[in-house]
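Remarks on the overall topology
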Amino acid sequence: MTQLGLPDDIHACLFDLDGVVTRTAVVHAAAWKEMFDAFLRDRDGEDFRPFDAADYDEYVDGRPRADGVRTFLASRGIDLPDGDPDDPPGAGTVHGLGNRKNELVLEKIRTDGVEAYEGTLRYLEVVRAQGLSTAIVSSSANCRDVLRSIGAEHFFDVRIDGVVAARRELPGKPHPDTFLAAAEDLGVEPARCAVFEDALAGMDAGRAGRFGYVVGVDRVGQSDALYAHGADIVVKDLADLGETK
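Going along each chain's sequence as written, the residues are numbered from 1 onward. Totals for whole chains, interfaces and linings use every residue, but because this is a predicted model, local features are given only for residues with pLDDT of at least 70 and side-chain atom pairs only at 80 or more, for both listing and counting. To get the side-chain values, take all heavy atoms of the structure and skip hydrogens and water.

Here we look at the nonpolar core
The criterion, for reference: Side-chain atoms within 4.5 Å link the members of a nonpolar core, which is a set of buried Ala, Val, Leu, Ile, Met, Phe, Trp, Tyr and Cys residues. Exposure is judged per residue with a 1.4 Å probe applied to protein chains only, and the accessible area is read against the type maximum: over 50% gives exposed, under 20% gives buried, and values in between give partly exposed. Strands here are runs of E lasting at least two residues and helices are runs of H or I lasting at least four, both read from the DSSP assignment and numbered beginning at the N terminus. Two residues form a contact once any of their heavy atoms are found within 4.5 Å.
Ranked by size, the top nonpolar core spans 31 residues in total, and within it L6, F15, Y123, F196 and L238 carry the most contacts. At the level of secondary structure, the elements contributing two or more residues to this core comprise β1 (12-15), α5 (118-129), α6 (143-149), β4 (193-197) and β5 (213-217). In terms of residue count, α5 provides more of this core than any other element does, 5 residues in total. Once you skip the residues sitting within four places of it in the chain, L6 turns out to touch M1, C13, Y123, L132, A194, F196, Y213 and V215. Ranked by size, the runner-up nonpolar core spans 23 residues in total, among them M35, F39, I78 and I109.

Written out as structure tokens, the structure reads:
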């Protein structure tokens, strides 16, 4: 193992954004809950069953926005038309609900700002100093703006986010395609790439893509689930890997 806590044959590191680099996972979870609870209340009345943390982890976290809407609604036996990507926020379509969630998360980010995980930034500094290639792989369409807001855009050689994935027609996590695209853009075989993820869907993508090493980042006490979904190692913070504390 290297001082980064990675196997010696790893040449590139592929990082998720929300929950790994930035503390925005909790912001996304709050926005999903606000949007879905309002939708369910309108649909089912005050006796509706709220969207909860288990729903977020199982059906939404790490997935592209529209896929998250579809997957959660399917778990409740609800089928909505897809609609169009530019449907107004809150329209009774998959894209309408997704756009309402995005509206809410942007409001929360503007109000509260974005905070980076300092342990991850220190780890990235060492990764770069060791000469490994890096990519950010996120389902968020706001990835570049978030990275710029924390001054972290320079840490990454490649960015595969919601905007790039849509342009290239790449299916999102739990499919491995976005991570595979990042590896291809870096010119590194998947077997020589490490994936860093906090979402169960991201673990599934790492396993499906046959990446060389999959690091689960446990911010919410789901270590066992991260291992079950394919993590090679689980840490609470990337500063716990190697010698980057």
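Here we look at the packing of helix α2 (residues 53-60) against helix α3 (residues 65-75)
Just so we agree on the cut-off: Orientation is described by lines fitted to C-alpha atoms, with helices fitted over the stretch in contact, and by angles between N-to-C directions that extend from 0 to 180 degrees. For classification purposes, an angle smaller than 35 degrees is called roughly parallel, one larger than 145 roughly antiparallel, one from 65 to 115 roughly perpendicular, and anything else oblique. Handedness of each helix crossing follows the sense of rotation of the near helix against the far helix: counterclockwise by less than a right angle gives left-handed, clockwise gives right-handed. Put simply, Ala, Val, Leu, Ile, Met, Phe, Trp, Tyr, Cys and Pro go in the nonpolar bin, Asp, Glu, Lys and Arg in the charged bin, and everything else, Gly too, in the polar bin.
As a packed pair, α2 and α3 sit with axes 9 Å apart at the nearest point and diverge in direction by 120°. Judged on the interaxial angle alone, α3 and α2 are oblique. Judged by the twist between their axes, the crossing of α2 over α3 is right-handed. When α2 is examined against α3, the residues D55, Y59 and V60 are found in contact with a partner set consisting of G68, T71, F72 and S75. When its residues are assigned to classes, the contact of α2 with α3 shows 3 nonpolar, 3 polar and 1 charged.

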